[in-house]
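# Architecture and fold: a report
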Amino acid sequence: MVRADGSVRHLHTQVALVRLADGVERVIGTTLDVTERMQLEDQLRHVVKMEAIGTLAAGLAHDFNNYLLGMDSSLSMLAEEEEPEEREELIEGGRQALTRCMELTRQLLAFARREPFRPESVELTDVVLKFQDLLNRAVGRRATLRIETTAAPLRARVDPRHVERMLTNLVVNAADAI
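Remember, it's a predicted structure, so these values are computed and weren't measured experimentally.

### A short note on the side chain of T125
Structurally, the position occupied by T125 is in helix α3 (residues 124–130). Each residue touching T125, except ones within four places of it in the same chain, is listed here: T149 and L154.

Set out below in structure tokens:
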């Protein structure tokens, strides 16, 4: 309802048809202003979302730190290593850690941005399993995430980033509901 002063109020109205003993029918009802309750529910949803984002950010920071420590260790050991084979292994270890950082960054950007829809043919099981670590972080300690896949291929023409975003929303909402 829009009041005369322009403010909006949300009302919950219940009505019932009642037949009196003399056969006369009347409509009775109640109206309750639920504006404040709806505002509080919106605030609670916002707090829950911010908590999920905080949990996600903490997990991402932890992963980045681990990957960067792996690169730092590889580089430190590389500086002291004289054997070509060992040097190559250390370089490869650093590259793998760097690739994991780049993938984590890509997932985070895909989650945060509203990018245009770019469908491609993908194996959905691969998309889900590749995104599993980030989903676990989104859930945090509120619930346990268990992913069960099928042996049969599940190919679809979708934008993998949108699937990842949808999965994150689904998992976070389910964890909140639990």
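### Topic: the nonpolar core
Among the nonpolar cores identified, the biggest contains 20 residues, and L60, L134, L135, V158, V163 and L167 are the most heavily contacted of them. Elements represented by at least two residues in this core include exactly α1 (35–80), α2 (84–112), α3, α4 (132–139), β4 (155–158) and α5 (160–177).

### Concerning a negative patch on the surface
On the surface, E82, E83, E85, E86, E88, E89 and E92 cluster together into a patch of negative charge. Positionally, E82 belongs in the loop between α1 and α2.

### Quick word on the environment of T13
Structurally, T13 is set in strand β1 (residues 11–19). Distance in space between the C-alpha atoms of T13 and D33 is 8.8 Å, their sequence separation being 20 residues. Discounting chain neighbours no more than four positions away, the residues touching T13 are T30 and T31. At 3.3 Å, the side chain of T13 and the side chain of T31 are in polar contact.

### Here we look at the pattern of salt bridges
Throughout the structure, instances matching the rule amount to 5 salt bridges. When the shortest N-O distance is used, the salt bridge between D33 and R9 registers 2.9 Å. Here the residue D33 occupies a position in strand β2 (residues 25–33), and R9 occupies one in the segment before β1, the gap between them amounting to 24 residues. Here R37 ties to E41 by a salt bridge, and the two come within 3.6 Å at their closest N and O atoms. Of the two residues, R37 and E41 both sit in helix α1, 4 residues apart, roughly one turn of that helix. Judged by its relative accessible area of 35%, E41 is partly exposed.

Criteria and cut-off values
- Residues numbered from 1 in each chain as written.
- Predicted model: local features only at pLDDT ≥ 70, side-chain atom pairs only at ≥ 80, totals over all residues.
- Heavy atoms only, no water.
- Helix = DSSP H or I, 4+ residues; strand = E, 2+ residues; numbered from the N terminus.
- Contact = heavy atoms within 4.5 Å.
- Core = buried A, V, L, I, M, F, W, Y, C linked by side-chain atoms within 4.5 Å.
- Buried < 20%, exposed > 50% of the residue type's maximum accessible area, 1.4 Å probe, protein only.
- Patch = residues over 30% accessible without salt bridge, like charges linked within 9 Å, V, L, I, M, F, W, Y side chains within 5 Å.
- Areas by Shrake-Rupley, 256 points an atom, 1.4 Å probe, with all protein chains shown as cover.
- Salt bridge = Lys/Arg side-chain N within 4 Å of Asp/Glu carboxyl O.
- Lys, Arg positive; Asp, Glu negative; His and termini not counted.
- Charge placed at Lys NZ, Arg CZ, Asp CG, Glu CD.
- Polar contact = N/O pair within 3.5 Å; in protein donor to acceptor, adjacent residues only side chain to side chain.

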